[in-house]
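Residue-level structural notes
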Amino acid sequence: SLEDGLSNSEPWHYLQVTFDGISNNGLFDISGSAGGIALQLTNKYGESAIPGRPMSYVRIDNKSIRLDYVLQLKTTHDHLRVGEYSSVIKYRVTYF
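Parameters and conventions
Residues numbered from 1 in each chain as written. Predicted model: local features only at pLDDT ≥ 70, side-chain atom pairs only at ≥ 80, totals over all residues. Heavy atoms only, no water. 1 Å grid on protein atoms, 1.4 Å probe; cavity = no way out; pocket = protein on both sides within 12 Å on 5 of 7 lines; lining within 4 Å. Points joined across faces, edges and corners; volume = space filled by probe spheres on them. Helix = DSSP H or I, 4+ residues; strand = E, 2+ residues; numbered from the N terminus. Nonpolar A, V, L, I, M, F, W, Y, C, P; charged D, E, K, R; others polar. Core = buried A, V, L, I, M, F, W, Y, C linked by side-chain atoms within 4.5 Å. Buried < 20%, exposed > 50% of the residue type's maximum accessible area, 1.4 Å probe, protein only. Contact = heavy atoms within 4.5 Å. Patch = residues over 30% accessible without salt bridge, like charges linked within 9 Å, V, L, I, M, F, W, Y side chains within 5 Å. Areas by Shrake-Rupley, 256 points an atom, 1.4 Å probe, with all protein chains shown as cover. Salt bridge = Lys/Arg side-chain N within 4 Å of Asp/Glu carboxyl O. Phe/Tyr/Trp six-rings, centres within 6.5 Å; stacked < 30°, edge-to-face > 60°.

1. Remarks on the layout of surface pockets
- Estimates place the volume of the largest pocket at around 260 Å³.
- Lining the largest pocket are 19 residues, with Lys44, Tyr45, Val58, Arg66 and Leu67 positioned closest to its centre.
- At the level of elements, strand 1 (14-20) and strand 6 (58-59) are the ones that each hand at least two residues to the lining of the largest pocket.
- The element contributing the most residues to the lining of the largest pocket is strand 1, with 3 residues.
- Among the residues forming the lining of the largest pocket, the class breakdown is 9 nonpolar, 4 polar and 6 charged.

See the structure below:
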C-alpha cells in the first residue's frame, strides 16, 4: 500500500514525475562523439518529459504501479555525426 507509514494515514492518490538532465531545446542532451541527436522521454499518455519540469499528475492504482516511458533519439537539426554517446537522466517521484 502507498501509505506514509502512519497507522491512521490515508493512501496517496496521485504521483508526479520530474526528469532532470541537461536540456537541449526541451530534449535531453547527450555527450560523446555522436552529434545532431538528443533523447526524448514520453509517457504512455503521449506527454513528453522536459528536463527539470514536472510532468502531469497521474492517478495511482494501488493494484499496479508502473511507470511506462518510451525513450527515443530525436534530431536536433545540427550536423549528424556518427559516434558513441551517453546521457545521464535523473528522475524524482512525488506522491500526493
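2. Concerning the nonpolar core
- In this structure, Leu15, Val17, Phe19, Phe28, Ile30, Ala34, Ile37, Leu39, Leu41, Ala49, Met55 and Ile60 together form the largest nonpolar core, which totals 12 residues.
- Put simply, the parts of the chain that give this core at least two residues each are strand 1 and strand 5 (37-43).
- Once you skip the residues sitting within four places of it in the chain, Ala49 turns out to touch Phe19, Gly26, Phe28, Leu41 and Met55.

3. Structural notes on a nonpolar patch on the surface
- Taken together, the side chains of Tyr14, Tyr57 and Phe96 present a nonpolar region at the surface, about 330 Å² in accessible area.
- Tracing the backbone shows Phe96 in the segment after strand 9 (90-95).
- The partly exposed category is assigned to Phe96, whose relative accessible area is 41%.

4. Points about the environment of Val17
- Structurally, Val17 is set in strand 1.
- Excluding its chain neighbours within four sequence positions, the residues that come into contact with Val17 are Pro54, Met55, Leu67, Tyr69, Tyr91, Arg92 and Val93.

5. Considering the packing of aromatic side chains
- The final tally for this structure, using the stated rule, is 3 aromatic pairs.
- For the pair Phe19 and Tyr69, a centre-to-centre distance of 5.1 Å together with 80° between the ring planes defines the contact as edge-to-face. With a gap of 50 residues between them, Phe19 in strand 1 and Tyr69 in strand 7 (residues 69-75) connect regions that are remote in the sequence.
- For Phe19, a relative accessible area of 8% translates into the label buried.
- The class of Tyr69 is partly exposed, set by a relative accessible area of 27%.
- For the pair Phe19 and Tyr91, a centre-to-centre distance of 6.3 Å together with 45° between the ring planes defines the contact as tilted. Highlighted residues: Phe19 in strand 1 and Tyr91 in strand 9, separated in sequence by 72 residues.
- Under the relative-accessibility criterion, Tyr91 is labelled exposed at 58%.

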